[in-house]
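Structural description and commentary
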Protein chains: 2
Amino acid sequence: MKKPQAERAGRVERAPLDPEMFDPVCPSPLVPFRVGDKWAPMILRCLQDGPRRFSELKIPLRGITSKSLTQSLRGLERAGFLAREEQHGGTERRVEYALTALGRGLLDPLDAACEWTREHWDELIEAQEAALAGAESGHR
Amino acid sequence: MKKPQAERAGRVERAPLDPEMFDPVCPSPLVPFRVGDKWAPMILRCLQDGPRRFSELKIPLRGITSKSLTQSLRGLERAGFLAREEQHGGTERRVEYALTALGRGLLDPLDAACEWTREHWDELIEAQEAALAGAESGHR
DNA sequence: TACGGCGGTATCCGATCGGAAACCAGCCAT
DNA sequence: ATGGCTGGTTTCCGATCGGATACCGCCGTA
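Residues numbered from 1 in each chain as written. Chains lettered and ligands numbered in written order. Predicted model: local features only at pLDDT ≥ 70, side-chain atom pairs only at ≥ 80, totals over all residues. Heavy atoms only, no water.

The name given to chain A in an unreviewed UniProt entry is HTH hxlR-type domain-containing protein, with the source organism recorded as Streptomyces lasiicapitis.

Regarding the sheet that holds strand β2 (residues 52-53) of chain B
Residues and elements named next belong to chain B. Rule in force here: When DSSP finds at least two bridges between two strands, those strands are taken to pair. Working definition: helices are DSSP H or I runs of at least four residues, strands are E runs of at least two. Numbering for both runs from the N terminus. Two residues qualify as a contact provided that any one of their heavy atoms is within 4.5 Å of a heavy atom in the partner residue. Working convention: axes come from line fits to C-alpha atoms, limited for helices to the stretch in contact. Angles between N-to-C directions cover 0 to 180 degrees.
Within the open sheet, the three strands sit side by side as β2-β4-β3. Their pairing is antiparallel. The open sheet terminates on both sides in strands that have one partner only, identified here as β2 and β3 (82-87). Sheet topology note: the β3/strand β4 (residues 94-99) ladder contains six bridges and is antiparallel. Residue pairing in the sheet places Gln87 in a bridge with Arg94 of β4. On the sheet, helix α3 (residues 66-78) packs against β3 and β4 and is oriented at approximately 115° with respect to β3.

A look at the protein's contact with DNA strand C
For clarity, the cut-off: The nearness test applies per residue and asks whether one of its heavy atoms lies within 4 Å of the molecule or strand. Pairs of N or O atoms within 3.5 Å make up the polar contacts considered here, provided that, within protein, one atom can donate a hydrogen while the other can accept it, and that residues adjacent in sequence are counted only when both atoms are side-chain atoms.
Around DNA strand C there are 19 residues in total, and Arg84 and Tyr97 of chain A together with Lys38, Lys67 and Thr91 of chain B lie nearest to it. Take the atoms of DNA strand C that sit within 4 Å of the protein: sugar and phosphate atoms are 69% of them. At 3.4 Å, a side-chain N or O of Arg74 of chain A approaches a phosphate oxygen of DNA strand C. At a separation of 2.4 Å, a phosphate oxygen of DNA strand C approaches a polar side-chain atom of Arg84 of chain A. Secondary structure elements with two or more residues in the surface near DNA strand C: α3 (54-58), α4 (66-78) and β4 (94-99) of chain A together with α3 of chain B. Residue contributions to the surface near DNA strand C peak at four residues, all from α4 of chain A.

Remarks on the interface of chain B and chain A
Stated precisely, the cut-off is as follows: A simple way to read buried area is as the amount of 1.4 Å-probe accessible surface that goes missing from two parts once joined, with both sides added. Under the grouping applied here, Gly and all other residues not named as nonpolar or charged are polar, the nonpolar ones being Ala, Val, Leu, Ile, Met, Phe, Trp, Tyr, Cys and Pro and the charged ones Asp, Glu, Lys and Arg.
The partner chain A presents 25 residues to the 24 residues of chain B that form the contact. For the pair chain B and chain A, the two sides together bury roughly 2,200 Å², of which 69% comes from carbon and sulfur. Counting the surface chain B buries against chain A, the share from its top three residues, Phe33, Arg34 and Leu102 of chain B, is 26%. Across the chain B-chain A interface, the total number found is two residue pairs in polar contact (both at pLDDT 80 or more). Elements with a contribution of two residues or more to the side of chain B that touches chain A: β1 (33-35), α3, α4 (101-119) and α5 (121-137) of chain B. Considering each element in turn, the side of chain B that touches chain A owes the most residues, seven residues, to α4 of chain B. Across the side of chain B that touches chain A, the residue classes break down as 14 nonpolar, six polar and four charged. The pairing of strand β1 (residues 33-35) of chain A with β1 of chain B spans three bridges and is classified as antiparallel. Directly across from Phe33 of chain A, in β1 of chain B, lies its bridge partner Val35 of chain B.

This is the structure in structure tokens:
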């Protein structure tokens, strides 16, 4: 029987990340606001309920390569939005990434941006299509 | 009291854009939020008080090349955030770019993001420096 | 001993970004 | 007719982004 290491480390058990928390059909690139690089906003979201491990983050960020994840994490770390915490004391290798106070604060305007996008989703799609149609018949 | 003379065209005399409205020392790239490409947020800001001409926009966007400005404008147009209005009736060539309703709405979350950045400016700088210093002595 | 999981690096590559510079047509005033 | 202004386009180029792939040491388990 496998014993959860979380207990040994006195760690609180949190729900695992939903592998489908990011809809591949309407991914964040369509959100007109961006924070950092391609993956950064999603990483921030993943960390909002507490620290997560490298391999834990890879799950909802479907298809991300180790390199890209490392890069994004380092970038967010350099900006001071998250902290890398390496546990040496434990029995096995464990590295966790946690939002700093600054990073947590970043979630507010990020939420606002996402909310705006949700509210104007139809308009966004419609405007894009109209502009595309206009480009075909209009000034071309 | 001075009277605007261009009102027959429905055009109101507005203050010209401040050539230094974007501080080259703390430019928007330091803002962790972005809208579209490098120049897009600044262009949106330039248009918030009404339509502007191509050459008018070039002034505060110091050093922007024609190509980059055209690119950014086309991108924002494709997204439905602004509209290109070419005046054929007039005597001289005149092209104006104006925010759409959607684009104007975009200013709200953009303001929120800028406001957040202003509020946390010191922390942002400090966190960056701390992370940089930590990288030198820390996990290396 | 071998194997698998973890948390990465190193290298290569094609795509994209964005600036520099040259060029252009139409209109205007001199 | 000549030069200047407007609103671009085109070409070239170096830098950066981001994915694919291969590889790595460390640890725990079988």
